[in-house]
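# A structural walkthrough
Here are the chains, one letter per residue:
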Amino acid sequence: LGNPMCIWNISESMCQLQCQYRYTTKFTCQNAGMCEWDDDKYSCIEPCDKLLTEATCALNTLCNWASGTCLRRCDAAYTDPDSCNSDPRCIWDKNQVVCKKTCSLIPSDTECNTSPQICEWLTTNRTCRKTCLAAGNTTAKCQDPTIVQR
């Protein structure tokens, strides 16, 4: 279990070589079934759902650790608005044509402000929320001064 080249396989109760050490080509990696190819790193990696600790999850650039689980990042998981918006962790940014982490899960003003068309930072309670338009409202409703945004 202490071997850094291994990852624990729960179903087989054994340590097995990590994907990056078992498969060195995209073809063999993708055909393995339990691994996926990372085009950015040009290497074979474990899928997010197989990474059981925050530390191992952090090593995979396609994953994020959330609520005790390693999950595929929204931009790595979805390439279209419908599938993106069907995941409560994600929101489609039509301006940048990419799926992003939903505003309420963004912890800092810096990250929140990178998506001004879909997110806005509330300084009063230090949270990020969807903009009026991103929340599904019409332009007319968002421009109506009598409507208080929450």
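Coordinates for the structure precede this section.
Notes on the structure follow. Small disclaimer: the values here were computed from a predicted structure and weren't measured. (Residues numbered from 1 in each chain as written. Predicted model: local features only at pLDDT ≥ 70, side-chain atom pairs only at ≥ 80, totals over all residues. Heavy atoms only, no water.)

### Some points on the packing of aromatic side chains
Going by this rule: Under the pairing criterion, centres of Phe, Tyr and Trp rings, with the six-membered ring standing for Trp, must be within 6.5 Å; the plane angle then separates stacked pairs below 30 degrees from edge-to-face pairs above 60, leaving the rest tilted. Partly exposed describes any residue whose relative accessible area lies between the buried limit of under 20% and the exposed limit of over 50%, with all areas from a 1.4 Å probe on protein chains only and scaled to the type maximum.
Counted by the stated rule, this structure contains one aromatic pair. An angle of 85° between the planes, with centres 5.2 Å apart, marks the rings of Trp 37 and Tyr 42 as edge-to-face. Given the relative accessible area of 9%, Trp 37 is considered buried. Assessed through its relative accessible area of 64%, Tyr 42 is described here as exposed.

### Structural notes on the pairing of strand β6 (residues 69-72)
Within a regular beta strand, the side chains point alternately toward one face of the sheet and then the other, so they alternate between its two faces. Put simply, the rule reads: Note on pairing: DSSP must find at least two bridges between two strands before they are called paired. Here a helix means four or more residues in a row that DSSP labels H or I, a strand means two or more in a row labelled E, and each is numbered from the N terminus.
Inspection of the sheet shows strand β5 (residues 63-66) paired to β6 by four bridges, in the antiparallel sense. Counted as the bridge partner of Cys 63 is Arg 72 from β6. Taken together, β5 and the strand that follows it, β6, pair antiparallel across an intervening segment of two residues, in which Ser 67 is found at a positive phi of about 50°.

### As for a nonpolar patch on the surface
Put simply, the test is: Patch members must show over 30% relative accessible area and no salt bridge, and they are joined within 9 Å when carrying like charges or within 5 Å when they are nonpolar side chains of Val, Leu, Ile, Met, Phe, Trp or Tyr. For every accessible area listed, the method is Shrake-Rupley and the probe measures 1.4 Å; residues are considered covered only by the protein chains on display. By salt bridge we mean one thing: a side-chain nitrogen of Lys or Arg within 4 Å of a carboxyl oxygen of Asp or Glu.
A cluster of nonpolar side chains, namely Met 5, Leu 17 and Tyr 21, defines an oily patch on the protein surface of about 250 Å² accessible area. With respect to the secondary-structure elements, Leu 17 resides in strand β2 (residues 14-17).

### Quick word on the pattern of salt bridges
Within the structure shown, the criterion is met by eight salt bridges. Arg 73 is the salt-bridge partner of Asp 75, the closest N and O atoms lying 2.7 Å from each other. Across the pair Asp 87 and Arg 89 runs a salt bridge whose closest N-O atoms are separated by 3.1 Å.

### Let's talk about the layout of surface pockets
Which entries qualify depends on this criterion: Each cavity reported here is a set of points on a 1 Å grid over the protein atoms alone in which a 1.4 Å probe fits but cannot get out, each pocket an open set with protein on both sides within 12 Å along at least five of seven lines, and each lining residue one with an atom within 4 Å of a point. Grid points are joined across faces, edges and corners, and a volume is the space filled by probe spheres set on the points. Classification convention: Asp, Glu, Lys, Arg as charged; Ala, Val, Leu, Ile, Met, Phe, Trp, Tyr, Cys, Pro as nonpolar; all other residues, Gly among them, as polar.
Taken as a whole, the largest pocket encloses approximately 440 Å³ of empty space. Every element with two or more residues in the lining of the largest pocket is listed here: β1 (6-9) and β4 (43-45). Its residues placed into classes, the lining of the largest pocket shows eleven nonpolar, seven polar and three charged. Of the voids in this model, the second largest pocket is the one considered here, and its volume is about 370 Å³. Residue assignment for the lining of the second largest pocket shows that the elements contributing at least two residues are β5, α4 (74-77) and β8 (98-101).

Geometry only, nothing functional implied.
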